[in-house]
Amino acid sequence: MNADRPITELLSSGRPLLSVEFFPPKNDEGGEQLLRAAEALKPYNPDFVSITYGAGGTTRERTFRYAKILREQFGWLVMPHLTCVGSSRGELLDIAAEYHADGIRNIMALRGDPPKGEKTFIPYPDGLRHASDLIALLREKFPDICLGAAAYPEKHPEAASMEQDLMHLKSKADAGASFLTTQLFFDNEHYFRFLHACRSREIFLPILPGLLPALSLSQVRRFGPMCGSSLPHALIEQLQIVDDHPRASEAVGITWAYHQIRELLRHGAPGVHLYILNRSAAAITLARSLDRNER
Ligand SMILES: Cc1cc2nc3c(=O)[nH]c(=O)nc-3n(C[C@H](O)[C@H](O)[C@H](O)COP(=O)(O)OP(=O)(O)OC[C@H]3O[C@@H](n4cnc5c(N)ncnc54)[C@H](O)[C@@H]3O)c2cc1C
């Protein structure tokens, strides 16, 4: 198969991009849900889709399989995620080589979280400690792969301070990251402040804002703290009012994300990355609004 276009090429077009994130399902039922969501999204033609790499490095095979399906069956530009968890340097290079041989030229390079119950990240034997190490390794061995990296507008939960986190982010940029995608946030002020802080520390990479169209009050209460993302009072209040009504809750989440997107694009964000959790409804509505207005 032909080599994919690097996402940086799309980013330099100046047109706001739409990307969506899938996760590799655990079983056949989950697989069908992913395929239904992808089928429903097909007419809205996301600029690229990403597929996550499971905690503990457990989804090497499934991430690869679904990356292949989304790319070949749906014709999408696919960015598989890769983490340092559970693999030695050699194994990480083998995974990247497999993608490269298939024509994939975009990888999201991450450290990954420590296994459940563990507070600190312990590198795998002959493995890597930081995402910047993975970026440097992949950049050296695969200079033609476009490397995404993670950024945290409200600080990574383990970082002692925003200043230190920005310093480490700069090392990812210096190691060869091509662009950044942010952790989810519900208040655009965090993104704008973060963007300013990055630019003033000479991190000039495009920063794609990551948004979660909320599904319910319980979901944001779970995800927010887990991701280190604060929950605006107004969003909580609106979700509380419709708490017993899943469809109304979803509509609140979509409307909230819609207003976030409008403001982000008005202020020059290079597009938006949606954490869709293998569901299509919010992504379709938000993609439609982008279609009408920008894309
Ligand atoms: C867009 C996005 C996609 C994600 N996809 C996945 C996925 O598919 N699978 C998955 O398991 N997880 C995923 N995550 C979660 C991510 O793996 C975790 O947040 C993880 O804890 C950090 O990964 P990182 O790549 O940001 O690590 P790093 O950049 O290595 O940072 C991790 C922590 O270490 C610190 N640090 C970095 N470099 C140094 C250094 N040189 N010295 C000291 N401290 C340092 C940072 O400040 C930070 O606190 C994703 C996150 C985002 C935002």
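Up top is the structure these notes are about.
Right, let's walk through the structure included here. (Residues numbered from 1 in each chain as written. Predicted model: local features only at pLDDT ≥ 70, side-chain atom pairs only at ≥ 80, totals over all residues.)

**Looking at the site of the ligand**
Now for step 1: Lining the immediate environment of the ligand, one finds 25 residues, of which Thr52, His81, Arg111, Ala131 and Ala150 sit closest.
Now for step 2: Elements represented by at least two residues in the shell around the ligand include exactly strand S3 (78-83), strand S4 (106-110), helix H5 (131-141), helix H6 (162-175) and strand S6 (179-184).
Now for step 3: For the shell around the ligand, a count of residues per class yields 7 nonpolar, 13 polar and 5 charged. (Near = placed C-beta within 6 Å. Helix = DSSP H or I, 4+ residues; strand = E, 2+ residues; numbered from the N terminus. Nonpolar A, V, L, I, M, F, W, Y, C, P; charged D, E, K, R; others polar.)

**Side note on helix H4 (residues 89-102)**
Quick reminder: α-helices carry 3.6 residues per turn. Residues three or four places apart thus point the same way.
Now for step 1: Compared with the 20 Å implied by 1.5 Å per residue over 14 residues, the 20 Å span of H4 between its first and last C-alpha is a close match.
Now for step 2: Looking at H4, one finds that the buried residues are Leu92, Ala96 and Tyr99. Buried positions in H4, seen along its axis, are confined to an arc of 55° and lie on one side of it. Exposed residues pointing more than 90 degrees away from the buried face of H4 are listed as Gly90, Asp94, Ala97 and Ala101.
Now for step 3: The secondary structure elements touched by the buried residues of H4 are S3, S4 and H5.
Now for step 4: Following H4 by one or two positions, Gly103 has its phi on the positive side, about 105°. (Expected span 1.5 Å × (residues − 1). Buried ≥ 20, exposed ≤ 12 C-beta atoms within 10 Å, placed from the backbone. Arc of directions from axis to C-beta. Contact = placed C-beta atoms within 7 Å.)

**Structural notes on the pairing of strand S5 (residues 146-151)**
Now for step 1: Burial within S5 is extensive, with 5 of its 6 residues counted as buried.
Now for step 2: In terms of strand pairing, S4 meets S5 through 3 bridges, oriented parallel. When the bridges of S5 are listed, Asn106 appears paired with Cys146.
Now for step 3: Read from S4 through H5 to S5, the crossover connection turns out right-handed.
Now for step 4: Here S5 runs beside S6; their pairing, made up of 4 bridges, is parallel. (Pairing = 2+ DSSP bridges. Right-handed = clockwise from strand over helix to strand, strands pointing away.)

**Observations regarding the pairing of S6**
Now for step 1: Extensive coverage of S6 is indicated by the burial of 6 of its 6 residues.
Now for step 2: For the crossover that starts at S5, traverses H6 and ends in the parallel S6, the hand is right-handed.
Now for step 3: Direction of pairing for S6 relative to strand S7 (residues 207-211): parallel, over a ladder of 3 bridges. Note on S7: the bridge partner recorded for Leu184 is Gly210.

**Some words on the nonpolar core**
Now for step 1: Core analysis: the largest hydrophobic core is formed by 83 residues, its most contacted members being Leu70, Val78, Ile107, Ala109, Ile135, Leu147 and Leu286.
Now for step 2: The biggest single contributor to this core is helix H10 (residues 246-266), with 6 residues.
Now for step 3: When near neighbours in sequence (up to four residues on either side) are disregarded, Ala109 contacts Leu82, Ala131, Leu134, Ile135, Leu138, Leu147, Gly148 and Ala149. (Core = buried A, V, L, I, M, F, W, Y, C linked by C-beta atoms within 7 Å.)

**Looking at the environment of Leu286**
Now for step 1: Looking at where Leu286 falls in the secondary structure, it is placed in helix H11 (residues 281-293).
Now for step 2: Along the backbone, Leu286 and Tyr44 are 242 residues apart, and their C-alpha atoms lie at a distance of 9.8 Å.
Now for step 3: Beyond its immediate stretch of four places on either side in the chain, Leu286 contacts Pro213, Ile254, Ala257, Tyr258, Ile261 and Leu274.

**A closer look at the environment of Thr255**
Now for step 1: Structurally, Thr255 can be placed in helix H10.
Now for step 2: The spacing of Thr255 and Leu286 is 31 residues in sequence and 8.8 Å in space, taken between C-alpha atoms.

**A few points about the packing of H5 against H6**
Now for step 1: For the pair H5 and H6, interaxial distance at closest approach is 8 Å and the crossing angle is 5°. Classified by the angle their axes make, H5 and H6 are roughly parallel. Across the interface between the two elements, Ala131, Ser132, Ile135, Ala136 and Arg139 of H5 pack against His168, Ser171, Lys172 and Ala175 of H6.
Now for step 2: When the residues that make up the contact of H5 with H6 are grouped by side-chain class, the tally is 4 nonpolar, 3 polar and 2 charged. (Axes fitted to C-alpha atoms, helices over the stretch in contact; angles between N-to-C directions. Parallel < 35°, antiparallel > 145°, perpendicular 65-115°, else oblique.)

**Things to note about the environment of Glu39**
Now for step 1: Within the secondary structure, Glu39 sits in helix H2 (residues 28-41).
Now for step 2: For Glu39, a count of 12 C-beta atoms within 10 Å corresponds to the exposed category.

**A few points about the sheet that holds S6**
Now for step 1: In space, the 8 strands of this closed barrel follow the order S1-S2-S3-S4-S5-S6-S7-S8, with parallel pairing throughout. Going across the sheet, the axis of each strand differs from the next one's by a mean of 25°, ignoring polarity.
Now for step 2: In this sheet, S3 lies alongside strand S2 (residues 48-51) in parallel orientation, the contact comprising 3 bridges. Each bridged residue has a counterpart across the sheet, and for Val49 the counterpart in S3 is Val78.
Now for step 3: Contacting strand S1 (17-22), S2 and S3, helix H3 (residues 60-72) runs over the sheet at an angle of about 170° to S3.

Limitation: the analysis is restricted to geometry and does not speak to function.
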